[in-house]
Amino acid sequence: MILELDCGNSFIKWRIIRRIDKVVMAGGVVDSDKALLLAVEKEGLSPKWCRLVSVRTEDETNALVTALRAAFSLEVKKAGPAQELAGVRNGYENFERLGLDRWLALLGGYHLVSSACVVIDLGTAVTSDFVSADGEHLGGFICPGMPLMRNQLRTHTRRIRYDDVSAEQALSSLAPGRATVEAVERGCTLMLQGFVLTQVEQAKALWGEDFTLFITGGDAALVRRVVPSARSVPDLVFVGLAIACPLD
Ligand SMILES: Nc1ncnc2c1ncn2[C@@H]1O[C@H](COP(=O)(O)OP(=O)(O)O)[C@@H](O)[C@H]1O
Ligand SMILES: CC(C)(COP(=O)(O)O)[C@@H](O)C(=O)NCCC(=O)O
Ligand SMILES: [K+]
């Protein structure tokens, strides 16, 4: 069994796959190291290997690795930066600076289509990356995701206050809001949708209709309806993780 982890700024996405045929045996989303250890332990699958990607600090990531080794005595591989891998060339001037989750997601996207693609990952931040048909990563964009936009409004204004349950209910439609929670949740959702449409425009300017748009990340569902032709691949980072951290 292999434990796979995608440690984002807000959540750790985890899953356990069977080594021999890569079948997913268990998985989930947790908000702390402790919750991860509990969730994995509960499955009773005793993974022998772990591969992970983290955009957290070195210290935070090392603490997690130490805890995992102590709890399950497994071998851990961490994804690292690369200038070139699996036919893709990192487009950053300083390739080590490109977020590793972005790198893996775009490796995953290019691996799936072997042609031009745009990879949009909607998490704490929203990121977009462009890869040409011959594997050249052209760069990308970073902007605040739903949790950051929402929290900035809550933190820096005096009268925007609401709870998470009403936030979920507010998204039943995108009509002009008649309450603060609706106005904010729908407004921020429309910002995300607008951003995604600008990415489609840039891709069309580059490649006409010859590209695939991938969407992934915890908030991908918020933009799906404005890009019905997009491929929604929730585990795209894990596709790239298998490429960056092969176990054989
Ligand atoms: N099962 C889930 N657990 C946690 N967050 C979720 C879940 N499904 C959707 N989300 C949304 O996903 C967002 C976080 O996305 P994620 O890709 O996990 O971020 P990050 O990689 O930055 O930690 C949150 O805004 C949250 O509302
Ligand atoms: C842009 C990110 C914060 C996205 O993180 P996430 O929303 O997935 O938690 C992360 O990829 C990161 O820290 N990148 C380093 C900066 C860069 O890619 O240029
Ligand atoms: K992201």
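Here the structure is shown first, and the text comes after it.
Note that this is a predicted model, so its numbers are computed, not measured.

Procedures and definitions
Residues numbered from 1 in each chain as written. Chains lettered and ligands numbered in written order. Predicted model: local features only at pLDDT ≥ 70, side-chain atom pairs only at ≥ 80, totals over all residues. Heavy atoms only, no water. Near = heavy atom within 4 Å. Polar contact = N/O pair within 3.5 Å; in protein donor to acceptor, adjacent residues only side chain to side chain. Areas by Shrake-Rupley, 256 points an atom, 1.4 Å probe, with all protein chains shown as cover. Helix = DSSP H or I, 4+ residues; strand = E, 2+ residues; numbered from the N terminus. Nonpolar A, V, L, I, M, F, W, Y, C, P; charged D, E, K, R; others polar. Domains from an automatic or database assignment. Buried < 20%, exposed > 50% of the residue type's maximum accessible area, 1.4 Å probe, protein only. Contact = heavy atoms within 4.5 Å. Pairing = 2+ DSSP bridges.

Q: What is the right way to look at the site of ligand 2 in this model?
A: Around ligand 2 sit 14 residues in total, of which Tyr92, Gly99, Asp101, Arg102 and Ala125 are the nearest. A distance of 2.8 Å is found between an oxygen atom of ligand 2 and a backbone nitrogen or oxygen belonging to glycine 99. A distance of 2.7 Å is found between an oxygen atom of ligand 2 and a side-chain nitrogen or oxygen belonging to arginine 102. Compared with its free state, where it exposes 470 Å², ligand 2 has 77% of that area covered by protein. For the shell around ligand 2, the elements supplying multiple residues, two or more each, are helix 3 (100-113) and strand 9 (125-131). Of the residues belonging to the shell around ligand 2, the class tally is 5 nonpolar, 6 polar and 3 charged. Looking at which domains feed residues into the shell around ligand 2, each of domain 1 (2-78) and domain 2 (84-145 + 187-243) gives three or more.

Q: Mind showing me how you'd approach unusual backbone geometry here?
A: The phi angle of most residues is negative, glycine excepted, and most peptide bonds adopt the trans form. Not every positive phi belongs to a glycine, and lysine 22 is a case in point at roughly 65°. As for its position among the elements, lysine 22 is in the loop between strand 2 (12-17) and strand 3 (24-30). The exposure class assigned to lysine 22 is partly exposed, which follows from its relative accessible area of 45%. Unusually for a residue other than glycine, serine 46 sits at a positive phi of about 30°. Looking at the secondary structure, you find serine 46 in the loop between helix 1 (33-43) and strand 4 (49-54).

Q: What is the right way to read the environment of glycine 217 from this model?
A: Mapped onto the secondary structure, glycine 217 falls in the loop between strand 11 (212-216) and strand 12 (231-232). Each C-alpha atom of the pair glycine 217 and valine 76 lies 24 Å from the other, and the pair is 141 residues apart in sequence. Apart from residues no more than four positions distant in its own chain, glycine 217 is found in contact with Asp121 and Leu122.

Q: Please explain the sheet that holds strand 11 as it appears in this structure.
A: Across a sheet, strands are paired by hydrogen bonds formed along the backbone, either parallel or antiparallel in direction. Sheet architecture is open: 5 strands sit in the order 10-9-8-11-12, paired in mixed fashion. Only two strands of the sheet have a single partner each, and these edge strands are strand 10 (137-144) and strand 12. Bridge count between strand 8 (residues 117-122) and strand 9: 6 bridges; the pairing is antiparallel. Bridge assignment links aspartate 121 to a residue of strand 9, and that residue is threonine 127.

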